[in-house]
Amino acid sequence: MSTVYSAALKREGAGKKRAADEEEAKVRRNKQRVLILPSRGVTTRMRHLVNDIEALLPHSKKDSKLDSKSDLSVLNELAELNNCNNCMYFEARRHEDLYLWLSKTPNGPSAKLQVQNIHTMDELKMTGNCLKGSRHILSFDKGFDAEPHWRLMRELLTQIFAVPRTARRAKPFIDHVLSFSILDGKIWFRNYQIIEKDPGAMAAAEARGDDPKKINNEPTLVEIGPRMVMTPIRIFEGSFGGPTLFDNPEYISPTALRHAMRRGKGEEYKKKVLQTESLRAKREKYKGEESELSRAKVFS
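Presented here is a report on the structure given in the accompanying data block. (Residues numbered from 1 in each chain as written. Predicted model: local features only at pLDDT ≥ 70, side-chain atom pairs only at ≥ 80, totals over all residues. Heavy atoms only, no water.)

1. As for the environment of Arg135
Link 1 in the chain: Assignment of secondary structure puts Arg135 in strand 6 (residues 134-140).
Link 2 in the chain: Separated by 76 residues in the primary sequence, Arg135 and His59 have C-alpha atoms spaced 9.9 Å apart.
Link 3 in the chain: Apart from residues lying up to four places away in sequence, Arg135 is in contact with Val163, Pro164, Arg165, Ala170, Lys171, Phe173, Ile174, Asp175 and His176.
Link 4 in the chain: Within polar-contact distance, the side chain of Arg135 engages the backbone oxygen of Val163 at 3.4 Å. (Helix = DSSP H or I, 4+ residues; strand = E, 2+ residues; numbered from the N terminus. Contact = heavy atoms within 4.5 Å. Polar contact = N/O pair within 3.5 Å; in protein donor to acceptor, adjacent residues only side chain to side chain.)

2. Comments concerning the packing of aromatic side chains
Link 1 in the chain: Taken as a whole and assessed by the stated rule, the structure comprises eight aromatic pairs.
Link 2 in the chain: Their ring planes at 40° and their centres at 5.7 Å tell us that Trp101 and Phe240 sit as a pair that is tilted. Of this pair, Trp101 sits in strand 4 (residues 97-103) while Phe240 sits in the loop between strand 10 (227-238) and strand 11 (241-247), and the two are 139 residues apart along the sequence. Each member of the pair, Trp101 together with Phe240, is buried.
Link 3 in the chain: Between Phe140 and Phe180, the ring centres sit 5.1 Å apart and the planes meet at 10°, which makes this aromatic pair stacked. Linking Phe140 in strand 6 with Phe180 in strand 7 (residues 171-183), this pair joins segments that are 40 residues apart in sequence.
Link 4 in the chain: What makes Phe180 buried here is its relative accessible area of 0%. (Phe/Tyr/Trp six-rings, centres within 6.5 Å; stacked < 30°, edge-to-face > 60°. Buried < 20%, exposed > 50% of the residue type's maximum accessible area, 1.4 Å probe, protein only.)

3. Describing the pairing of strand 6
Link 1 in the chain: Pairing geometry for strand 6 and strand 7, over seven bridges, is parallel. Within strand 7, the residue paired with Ile137 across the bridge is Val177.
Link 2 in the chain: Between strand 6 and its parallel partner strand 7, the chain crosses via helix 5 (residues 148-161), and the hand of that crossover is left-handed. (Pairing = 2+ DSSP bridges. Right-handed = clockwise from strand over helix to strand, strands pointing away.)

4. Details of the state of the cysteines
Link 1 in the chain: In the structure shown here, the tally under the stated rule is zero disulfides.
Link 2 in the chain: You can see Cys84 has no disulfide; the closest cysteine sulfur is in Cys87, sitting 8.1 Å from it.
Link 3 in the chain: Given a relative accessible area of 8%, Cys84 falls into the buried group. (Disulfide = S-S within 2.5 Å.)

Listed below in C-alpha cells is the structure:
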C-alpha cells in the first residue's frame, strides 16, 4: 500500500512541476546579469568609475582585475563561470587611456569604445541622490534611430544597463534616469535623479495664503553622476572579436594625437632654432663691414 501511495505522490509532484514549468514559460523572465571587471594598470579615477557603475547596476557582479590584455576570449569563460550573459570590461592602456568593451556573451555582438571626460560621484559633489539598488529609466535620444550601428549600440546598452524587475538586489523603486545622448559622433552618459512634487511647498503656500496652483510642482531632474563620454571604435559580430560590423572612420587614437602634439611642438622649436641661426649668420656676415648708414659715413 505504501508503494502505491508513493507512486501517486510522485505522479502528483510531476504534474505540479509540469504545470509550474508551463506557467513559467508563459511569463517571460528577463534574466540579465552583467559581469564588470577592469584590467591591470587602472588609475584611481578609473577604479572609482568602475565602482560607481557597479553601484548603479544591482544585477551586476564584479570580478577581480584581468591580467591578460591580448587574449580577451577568457572573458567569455569568466562570464559563464559567474552565470552572466553580459560583460563590461574596462581596459586601461599606458595608465592614462581607458577603453570599454561591451559584449553579449558568449555569441556576441560586442563593441569597443574609448572613455573620456571621466567624472565620478565623489569628485563632482553633485546635489542629486538616489537609493542604492533602485531601478532606473533608460533615455535614448533620437540620434540612435539614424544609423544601423547606432541602433545596435542602443540594443547593446539596453541589454546591459536595463535592470530586470526580478533582480535579486534590485529595490522596487524607480528614482533616477540614465541618459544616453549622441553629439559629435560620441555617446554622452549622464545620471539624473527624479524629484517628484514637493508636498511641503504646497502646505507652505496654503499657510501663506498663496494659490497652490501657481506653484510649479512638475518633476525635475538633478544630476547625480558619474558622467563620461564614450567614442565608438569598432563593433564586432562575435564576443570580444570576430568580423567587424562597424569601424569608425573619424576615430583617432590618443597615441596618434599625442604624437601629433609632440611633432607640432618639435616643429615650433625647430623654426625657432632656424631663426636664431639665421640671425647669427647674418651678424657674422656684416661683422667687419660698415653699412651706408653707419655713424662714421653719415657724419664724416
